[in-house]
Amino acid sequence: MELQVLVRTFQSCSTIREGRQLHVAFLKTGILNYSVAVANRLLQLYTRCGFLRDASHLFDEMPNTNPFSWNTLVQAHLNSGHTQSALHLFNAMPHKTHFSWNMVVSSFAKSGHLRLAHSLFNAMPSKNHLVWNSIIHSYSRHGHPGEALLLFKSMNSDPAQIMYRDAFVLATVLGACAELLALNCGKQVHARVFVDGLGLELDRVLCSSLINLYGKCGDLDGAARVMSSVREVDEFSLSALIIGYANAGRMREARKVFDSKVDPCVVLWNSIISGYVSNGEETEAVNLFSAMLRNGVRGDVSTVANVLSAGSGLLVVELVRQMHAYGCKAGTTHDVVVASALLDAYSKCQSPCEACKLFTELKAYDTILLNTMITVYSNCGRIEDAKWIFNTMPTKTLISWNSILVGLTQNACPSEALDVFCQMNKLDLQTDKFSFASVISACGSKSSLELGEQVFGKAITIGLESDEIISTSLVDFYCKCGFVKIGRKVFDGMVKTDEVSWNTMLMGYAANGYGNEALTLFSEMRYCGVRPSAITFTGVLSACDHCGLVEEGRYLFHTMKHNYYIDPGIEHYSCMVDLFARAGCFEEAMDLMEQMPFQADANMWLSVLRGCIAHGNKIIGKTAAEQIIQLDPENAGAYIQLSNILASSGDWEGSALVRELMRDKHVQKIPGCSWADC
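Once a new chain begins, its residue numbering starts again from 1 and follows that chain's sequence as written. A pLDDT threshold of at least 70 governs which residues receive local features in this predicted model, and a stricter bar of 80 or more applies before side-chain atom pairs are shown or counted, although totals over entire chains, interfaces and linings include all residues. The side-chain quantities take in all heavy atoms of the structure and omit both hydrogens and water.

S.K.: Is there a simple way to explain the nonpolar core in this structure?
M.R.: Where a protein is soluble and globular, its nonpolar side chains tend to be buried together. To form a nonpolar core, buried Ala, Val, Leu, Ile, Met, Phe, Trp, Tyr and Cys residues must be joined to one another through side-chain atoms within 4.5 Å. The buried label goes to any residue with under 20% of its type's maximum accessible area, the exposed label to any with over 50%, and the partly exposed label to all in between, with areas taken from a 1.4 Å probe on protein chains only. Core analysis: the largest hydrophobic core is formed by 197 residues, its most contacted members being Ile-136, Ile-272, Leu-308 and Phe-359. Per the convention used, a helix needs a DSSP run of H or I reaching at least four residues, while a strand needs a run of E reaching at least two, with both numbered from the N terminus. Per-element tally for this core: the top contributor is helix 13 (residues 167-180), with nine residues. Segmentation into domains, and thus their bounds, comes from an automatic or database assignment. Here this core spans two domains, and each of domain 1 (1-95) and domain 2 (569-665) adds at least three residues to it. Contacts are assigned to residue pairs that have any heavy atoms within 4.5 Å of one another. When sequence neighbours within four positions are dropped, the list of residues in contact with Ile-272 reads Ile-242, Met-251, Ala-254, Arg-255, Phe-258 and Leu-288.

S.K.: What's the story with unusual backbone geometry in this structure? I'm lost.
M.R.: A negative phi angle characterises most non-glycine residues, just as the trans form characterises most peptide bonds. In this structure, Leu-181 takes a positive phi of about 55° despite not being glycine. Checked against the element boundaries, Leu-181 lands in the loop between helix 13 and helix 14 (183-195). Positive phi, normally seen in glycine, also occurs at Ala-412, with a value near 55°. For Ala-412, the location among the structural elements is in the loop between helix 27 (398-410) and helix 28 (414-426). The class for Ala-412 is exposed, based on a relative accessible area of 63%.

S.K.: Looking at this model, I keep getting lost on the packing of helix 20 (residues 282-294) against helix 21 (residues 301-314). Mind explaining?
M.R.: Each pair of packed helices gets described by two things: the angle between the helix axes and the distance between those axes. To obtain each axis, a line is fitted to C-alpha atoms, and for helices this fit is confined to the stretch in contact; angles are then taken between N-to-C directions over 0 to 180 degrees. Between helix 20 and helix 21, the least distance of the axes is 9 Å, while the angle of their chain directions is 145°. In this structure, the crossing between helix 20 and helix 21 has a hand that is left-handed. Two secondary-structure elements touch here, helix 20 through Glu-282, Thr-283, Ala-285, Val-286, Phe-289 and Met-292 and helix 21 through Thr-303, Val-307, Ala-310, Gly-313 and Leu-314. Handedness of a helix crossing follows the sense of rotation of the near helix relative to the far helix, less than a right angle counterclockwise being left-handed and clockwise being right-handed.

S.K.: Would you mind going over the packing of helix 8 (residues 98-110) against helix 9 (residues 114-123) with me for this structure?
M.R.: Running from amino to carboxyl end, helix 8 crosses helix 9 at an angle of 155°, the nearest separation of the two axes being 7 Å. With respect to each other, helix 8 and helix 9 are oriented roughly antiparallel. Considering the relative orientation of helix 8 and helix 9, their crossing is left-handed. Note on element contacts: helix 9 touches helix 8 through Leu-114, Leu-116, Ala-117, Leu-120, Phe-121 and Ala-123, opposite Trp-101, Val-104, Val-105, Phe-108 and Ala-109. For the contact of helix 8 with helix 9, a count of residues per class yields eleven nonpolar, no polar and no charged. Angles are sorted into four bins: roughly parallel if under 35 degrees, roughly antiparallel if over 145, roughly perpendicular if 65 to 115, and oblique for all others. Each residue receives one of three labels: charged for Asp, Glu, Lys and Arg, nonpolar for Ala, Val, Leu, Ile, Met, Phe, Trp, Tyr, Cys and Pro, and polar for the others, Gly being one of them.

S.K.: I keep staring at helix 7 (residues 83-92) and nothing clicks. Help me out?
M.R.: Given 3.6 residues per helical turn, the α-helix brings residues three or four places apart onto the same face. When we look at burial in helix 7, the residues that qualify are Thr-83, Ala-86, Leu-87, Leu-89 and Phe-90. Buried positions in helix 7, seen along its axis, are confined to an arc of 165° and lie on one side of it. What points out from helix 7, more than 90 degrees from its buried face, is the exposed set Gln-84, His-88 and Asn-91. By arc we mean the arc of the directions from the helix axis to the C-beta atoms, nothing more.

Rendered as C-alpha cells:
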C-alpha cells in the first residue's frame, strides 16, 4: 500500500474504532516499523480523539521517532493538564526545535505556571517574537504587570526582536502600565508605537489600550488627544474614556462622550451607569438604566451588578427586588458577581431574610460571595451559620477572617473572637486595622484591660497607632472597661474624627452614666459640622434615660424628628418610654407607645412595670405585667410582680390565681445568685 494512499485512509477515519483497526492492520503488515509518517498520523489520531494512553503505547512501540512525534505527544499531555508528564517528555526529547520550545513555554505560561515557564524561557537557546509575546502577555493576564514590564524591557534590549514588536504585545504592555499607574512608562511605549510605524488608525485595540492608560492614570487630556487622532473610534475606546472621566469625578465630560454615540452598545451603557454609581449619583444611574431598557438594549451581568450597587446606595429595597426579578429573566442571578451584589444589596437595605433565602438557592459560590454571607448572617444574629460558612470555606482571605471577627464581636462572642485572632497569629496570617479593631472591641466586651492594651501594643509595632479605626475601637474599649476619662483622652488625641468616632464616645458616656458630658459632646459634635445620625440619637437619648434628664430627652426626641428628619426606631422609643417611666410620667409613656408605628415589645412594657413598682402605680403596673405575660409567657418576673400588685391591692384571690397559672405553665422563678459564686 503506497504512503499517499495510507495518508488518505487516515484522513477518512471518523472514529477511534476505525483508527484502532488500522493500527492492528499496520502492525500485521509491519508498516509501522519503517514508516515514521504513518506512525505519526496514527499518533495524531489518538491524541486528537483524546485517547492519551493509546497514544503513549504507540509512541513507546515506535522504532523510529522524529521531532513531530515528540511534539505531538508533549502537546497532548499539555492539553490534558498532565504538567509533569509533559515536562518529563520534553526534557527527554533528543532534538528540541523552535516549535518545541515555543509550544512548552507558551502552554505553561498560559496555564499560569509562570515560574516553570520563565525557567524554560531562560533556558531557550534562542527566542523569537512569538514566545516573547506569549510570556509577556501571560504575566500581565495573571496579575503580574510589573514582571510583564521587566520582560518587555529585556525584549527591547534584544536587537533581534525590535523588528518583531507588534500591536499585540504593545497593547499588553500598555495594559500593564495602566494597572501600575505607570504613566511615564506608558508614554514611552506610546512613543514606541510611532517609532515602529504602528499608526493608531491601524489598530483599534492599541487605541483603546492607550485611552485606558491615560484615563486610569488621570491624564484625560492625553486620552482625548489620542481619540482626536483617530479617524473612527470604536466603542471600547469610548468606554475607556468614559471610565477615565468617571474615575476623576468629571461626570459631565463622561456624559458628553457617552451622548456622542448615536446607538451605544451595552458596554457604553455599563460604563456610564457605573460612573454615576461610583460618584454617588445613584438616582441618575437608575434613570439611565430605565433609558437603556427603553432603547431596547438588553442588560448583562455588569449592568445588573451596577444597578444593584445603586439600589444599595439608595437603600431602596424595592429597586433591589425589581433588579432581582430582572436578573432572573435575563439569566444572570446565578453568576457569582450578580449573586454577591444581590446579597450585599439586600443586607444593606435591612432585608437579611431575603438575602438568606437567595443564598439557599445558589449553586455556585466564590470567596467574595461567602465573605458577604458571613456578614449577612452575622448582622441578623445567625452567628452559628456565619461560623459554619467560615469553617467550611475552601479558601479564606484576610476579609474572611475579618468578617468572622466582626461577626463574633457584634454577636457577643468576644472569647471566640479572641480565639480566632490567636489562630490568625499562629498561622502567621497578615493582620490589618480591621482585625485589630475587632479584637480590641472584643477585649472591651470582656472588660479585659490588660489583654486589650497588649493587642493595641502589637498594632503600634506595625504603625497603626494613629489609625482612625484603631483609635475609635480604643475609645470603645476603654469606655466598656469603665475608664471613660482615658477613652476621652484617646478621642481628643485623634487626628481625624468622623461620625463613628463621635458616636462611639457618646455611647461610652451614655453607658457609664455621664449624661451631662454626653449632652455637651453632642453640642460639640454639631458645632464641628458632624451631622448626627440615628445612632447618635440612640446614644444621647440613652444618656438622658440613664441620668433622668427628662426635659433634655423631650427636646432631643423632637429635634431628631423635626430638625434632622430622622424617623425614630424602636430603640429611640424604648429610651423615651424608659425615661418617662423612671420619672413617673406614665401618661406620656403610654401615649408614646400608642403613637409608635410598631407594637411595643416585652422589654418596653418591662420598663413601664419597673417604673410603676418604683412609683407605686398599681393600675398601670397591672396592665404592664399582663402585657408582658402575653408577649413573653416565660417571663417569671412579670407573673411575680403581677401577683404582688394584686396582693398589695387586697385582691388575694387574684394573686393566688396568678401564682397557680405560673405553676400550671411550669414557669420557674430564676434563683438569685451572688457575683462571688460566678
